[in-house]
Amino acid sequence: MAKWGRKLPKGRGLGIAAHRSFLSYVATVVEVAVSADGTLTIPGVWVAVDAGTVINPRHVRAQMEGGTIYGLSNALYGAITAKDGAVVQDNFPSWRLMRMGEAPRAFEVEIVASDAPPGGVGEPPTPPAAPALANAIFAATGHRLRTLPFIGADGSKLALPTKQSA
Amino acid sequence: MAISLKVNGKSRTVDAAPGTPLLWVLRDHLGLTGTKFGCGAAQCGACTVHVNGEPTRACVTPHDSLADAEIVTIEGVSGAAAEAIRNAWIAKDVPQCGYCQAGQIMSATALLKSNPAPDDAAIDEAMSGNLCRCATYMSIRRAIKEAAATL
Ligand code: FES
Ligand code: FES
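Every value quoted in this text rests on a predicted model; they were computed, and no experiment measured them.

Draft legend 1. Layout of the nonpolar core. The biggest cluster of nonpolar side chains holds 62 residues, and the ones touching the most others in it are Leu76 and Leu133 of chain A together with Ile144 of chain B. Those elements that provide at least two residues to this core are β2 (24-34), β3 (40-50), α1 (57-77) and α2 (129-141) of chain A together with α2 (80-91), α3 (101-114), α4 (120-127) and α5 (137-150) of chain B. In this structure, this core is formed jointly by two domains, domain 1 (2-72) and domain 2 (80-150) of chain B, each of which donates at least three residues. Formed by 19 residues, the second largest nonpolar core is a distinct cluster that contains Val7, Leu30, Cys47 and Val49 of chain B.

If you want it as structure tokens, here you go:
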């Protein structure tokens, strides 16, 4: 569904990750576009889920979209730090969430047909989002980012190593 | 000091401390609890209402600055754009937990009133002030486009 392996223009990359939890399997492909200055957009996300018997496919789709964006949001922006025994981030100015304009532009969900016992769909899409995103950034830029969050509450771009330090 | 406010087409008398944000006047004085509190800092859009047709963050708008204004909340929003948004929201099953959705609907309705055929960039601009922790953004975009197509 994501056309894995397709040729992409410079600065674009696909990343993949998969995960099992709550009896459900979720595989996620993220496409990123990273400009030379580190500005990131997410043109597309593709999620395949095997959650066993599915009663309400529209709910599953909504959870896949929401749980994935929750994971992308945390990976890009969501630092939580503690100081003097209290969490520093106390409201949205310091605890940044993904907004409409930053969300993926296209999102496809495929539900694997199964009559196995029903699994969860709320949390399973979240764990593979960050590694799929990080792998896509590596595919697009050649850089492995190893410090979360990649952008942070105040940033606007990925902190890519400069040529000299790379 | 008691002042008169026009809310959802009706004149209401409110006696609240000077500077009390409109959000608390709506919720605590007038019992209009459809408008939600998310941040109190104009960051999340949960408290969005229309003031003279403009989407406005009620949490940072002093009620006593609105003496001559037309205030419309989620309980009172009506008209072709609101109807189209309501139908598309139901058809696309947009809400998840629902907490942000009154604000999303007020922003989306104001968008369609001013721009009946918004493109993706216009949707981004009009809707980026409304956070959704359940991340229903994909559904919101689909529903706005569907609503626009029916207008
Ligand atoms: S409560 Fe008003 S913008 Fe968040
Ligand atoms: S539907 Fe839950 S916060 Fe938007």
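Now, onward.
Draft legend 2. Structural detail: the pattern of salt bridges. Residues and elements named next belong to chain A. Under the defined criterion, the tally for this structure stands at 16 salt bridges over all chains. A salt bridge links Asp37 to Lys157; the shortest N-O distance between them is 3.8 Å. Here Asp37 is found in the loop between β2 and β3, whereas its partner Lys157 is found in the segment after α2, with 120 residues between them in sequence.

Draft legend 3. Examining the sheet that holds strand β1 (residues 12-21) of chain A more closely. Residue and element names in this part refer to chain A. Strand order in the open sheet formed by four strands is β1-β2-β3-β6, and the pairing between neighbours is mixed. The sheet is open, and its two edges are formed by β1 and β6 (106-111), each paired on a single side. On average, adjacent strands in this sheet sit at an angle of 15° to one another, irrespective of strand direction. Here β1 runs beside β2; their pairing, made up of ten bridges, is antiparallel.

Draft legend 4. Region of interest: the environment of Glu75 of chain B. Residues and elements named next belong to chain B. Considering the arrangement of structural elements, one finds Glu75 in the loop between β5 (70-72) and α2. Residue class for Glu75 comes out partly exposed when judged on its relative accessible area of 40%. Considered as a pair, Glu75 and Thr35 are 40 residues apart in the sequence and their alpha carbons are 8.5 Å apart. Excluding residues within four positions of it along the chain, Glu75 makes contact with Asn8, Leu32, Thr33, Gly34 and Thr35. A polar contact is formed between the side chain of Glu75 and the backbone nitrogen of Gly34, at a distance of 2.8 Å.

Draft legend 5. Highlighting the domain arrangement of chain B. All names here are of chain B. Annotation of chain B at the domain level lists domain 1 (2-72) and domain 2 (80-150). On a C-alpha basis, the centroid separation for the pair domain 1 and domain 2 is 21 Å. In this complex, domain 1 contributes 14 residues to the contact, which on the side of domain 2 involves eleven residues. The junction of domain 1 with domain 2 conceals about 960 Å² of combined surface from both sides, 56% of it contributed by carbon and sulfur atoms. Taken together, domain 1 and domain 2 are joined by zero salt bridges.

Calculation rules
Residues numbered from 1 in each chain as written. Chains lettered and ligands numbered in written order. Predicted model: local features only at pLDDT ≥ 70, side-chain atom pairs only at ≥ 80, totals over all residues. Heavy atoms only, no water. Core = buried A, V, L, I, M, F, W, Y, C linked by side-chain atoms within 4.5 Å. Buried < 20%, exposed > 50% of the residue type's maximum accessible area, 1.4 Å probe, protein only. Helix = DSSP H or I, 4+ residues; strand = E, 2+ residues; numbered from the N terminus. Domains from an automatic or database assignment. Salt bridge = Lys/Arg side-chain N within 4 Å of Asp/Glu carboxyl O. Pairing = 2+ DSSP bridges. Axes fitted to C-alpha atoms, helices over the stretch in contact; angles between N-to-C directions. Contact = heavy atoms within 4.5 Å. Polar contact = N/O pair within 3.5 Å; in protein donor to acceptor, adjacent residues only side chain to side chain. Buried area = accessible area lost by both parts, 1.4 Å probe.

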